Amino acid sequence: MWQNAEEFGALLLWVEHRYYGQSEPFGPDSWKTDPTFLTSRQAMADYANILQSLRAAWGAEASPVVAFGGSYGGMLAAWMRRHYPHIIAGAVAASAPVGQFPGVPGFDAQKFWQIATKSATPEAGAPADCAPNARAAFASILELGASDEGRGRLQQLFRLCDPLGDRQDAIDLAYWAQGAFDAYAMGAYPFASAYMGGTDDHPLPPWPMRAACSHLTRNESWLAGYPLTPHGAARAATAAAARRRLRGRRRGAEGVGLAQDEGWLLEGLREAAGVLYNATGEKQCFDIALEGPAAGNAGPWDWQVCTEFMGQELPYFPANGVTDMFWDQGPLDLDAIRAHCRQAWGVEPVTSTHVTLDGGLDYRRASRDPAWRLGGAALGVDAGAPFVTNIVFTNGLLDPWSAFGVLTRDESYDDSIVVIKIPDGGHHVDLMFDHEEESPGIRDARQAILKEIRRWLQVPVPQLSTVAAATAARLPAAMRGQLQRPDEAGARAVVAEA
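Quick notes on the rules
- Residues numbered from 1 in each chain as written.
- Predicted model: local features only at pLDDT ≥ 70, side-chain atom pairs only at ≥ 80, totals over all residues.
- Heavy atoms only, no water.
- Helix = DSSP H or I, 4+ residues; strand = E, 2+ residues; numbered from the N terminus.
- Buried < 20%, exposed > 50% of the residue type's maximum accessible area, 1.4 Å probe, protein only.
- Areas by Shrake-Rupley, 256 points an atom, 1.4 Å probe, with all protein chains shown as cover.
- Axes fitted to C-alpha atoms, helices over the stretch in contact; angles between N-to-C directions.
- Parallel < 35°, antiparallel > 145°, perpendicular 65-115°, else oblique.
- Left-handed = near helix turned anticlockwise from the far one by under 90°.
- Contact = heavy atoms within 4.5 Å.
- Nonpolar A, V, L, I, M, F, W, Y, C, P; charged D, E, K, R; others polar.
- pLDDT = per-residue confidence, 0-100.
- Salt bridge = Lys/Arg side-chain N within 4 Å of Asp/Glu carboxyl O.

Undergrad: Just give me the short version of the overall build of the protein, but keep the residues and values in it.
TA: A tally of regular secondary structure across the protein gives 19 helices and eight strands. Expressed as a percentage of its 498 residues, the buried residues of the protein come to 54%. For the protein, the accessible area works out to roughly 21,100 Å², and carbon and sulfur atoms hold 53% of it.

Undergrad: How would you explain the packing of helix α6 (residues 148-158) against helix α7 (residues 167-186) if you had to name every residue and give the values?
TA: Remark: α6 packs on α7, axes separated minimally by 10 Å, with the N-to-C direction vectors making an angle of 30°. Classified by the angle their axes make, α6 and α7 are roughly parallel. Handedness of the crossing formed by α6 with α7: left-handed. Touching Arg-151, Leu-154 and Phe-158 of α6 are Arg-167, Ala-170, Leu-173 and Trp-176, all from α7. Its residues placed into classes, the contact of α6 with α7 shows five nonpolar, no polar and two charged.

Undergrad: Describe the packing of helix α12 (residues 300-308) against helix α14 (residues 334-345), and please don't skip the residues or the numbers.
TA: Between α12 and α14, the least distance of the axes is 10 Å, while the angle of their chain directions is 125°. One finds that α12 runs oblique with respect to α14. Where α12 crosses over α14, the two elements pack in a sense that is left-handed. The segment α12 lies against α14, with Asp-302, Trp-303 and Cys-306 engaging His-340, Cys-341, Ala-344 and Trp-345.

Undergrad: Outline the confidence of the model for the protein, listing residues and values.
TA: Taken as a whole, the protein shows an average pLDDT of 84; of its residues, 80% reach a score of 70 or greater. Contacts for the low-pLDDT stretch residues 228-235, under 50 throughout, to residues beyond four places or in other chains number 16 contacts. Contacts from residues 372-381, a stretch scored under 50 in pLDDT, to residues over four places away or in other chains number eight contacts.

Undergrad: Report on the pattern of salt bridges, specifying residues and quantitative values.
TA: Applying the stated criterion across every chain yields a total of 14 salt bridges. Two residues, Arg-41 and Asp-358, come together in a salt bridge whose shortest N-O distance is 2.9 Å. Placement of Arg-41 in helix α2 (residues 40-57) and of Asp-358 in helix α15 (residues 353-358) is noted, with a sequence separation of 317 residues between them. We classify Asp-358 as buried; its relative accessible area is 0%.

Next up, the structure:
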């Protein structure tokens, strides 16, 4: 967006979602005071009203709006185009898991962890024994967690700040480590980034799953080459440490029994999780109660999970330990989710809301919302006839959320519903700034997005610049002062909901 707005003479408009950031209707922590007005429907209505008001105030009624969003923001962008086509000219929905709801054809919560595991396989540049060794380490945690003696060993091997009091604490430790792999899979970027974890000074490394796998492999030839992979020189110290740990094992042959090898496996899992939880390298011990899934999900997002069943992979989406590298966590337990929501909020999630109103993965018809159907008749519009148009769905295939994204086009879709798959892409990587280490697939995705936007707007770039200058002159003085190039901003209001 930042890099291409000038071509379109665009004003980038960021609208904050209600109940997040400073947009709190009842003061600080409004979600604690009264969360009942926190819904995706009301957030979209906010965006629509703000856009209409600003365009009227700026004399930009003729300026079309393109909605951008990644993840939940991508869902909102697609839904905005579906429900507000008179306001939103087109939408770019990156890594938008619009099919993450029970009732959507093909929904399988376990697919999330199957895709997360892909980043720990040779297909994604990881050593072949990484995923099997991770699976064995998780099994060892659960085995040791059944006894006081075993939990004491886990505390020692994982350098935990506090002892594990019971078997549930050991399970929480396993989920803590699983949470790190979740971040590595989503953050499958070819460049260092703090977006999924770490800090600006100590970001996650490029291809963070490979960095984690450097602690879970016996493959010395892979370790020898790891520093030579893209950006690998910066990880040479990590790989060297992994090789030292490998050489220090009492036994190194494939097929060593878990009892003989569990110390190396568990220390390796600790170091793998530490790529996220100890990005600075300064932690002396880990407190699983303060980070990871065991820290809890309280907050405005948990309200949205408990009312609209928005996605929360941990602890709700289960792994199975067969097609993924974790352990058998049973089926999707809607009863447990309902119990949590009743206890936390006094509500139960309605899992069908976004299937009924937004269509899940079905992007054929303009709207399934009954209110739209009734209103359409009054406006002389056949709400069942128009096709949904002008949406680009992008998904990185290393991103676990692609399990619930629009990955194929139904033959009944309008030609302007475009599906882009990035084979080596992480979570909405296509919305990030260009980077010299990114793959041709990422670059191609960005160019395909721009091609569609140009087609939606159908206005020559020189004309856009002329209109932009005239619109910018009507902006409030304070806003003009905040723009880097106020003479070129304003003709296109581009709303980003990421």
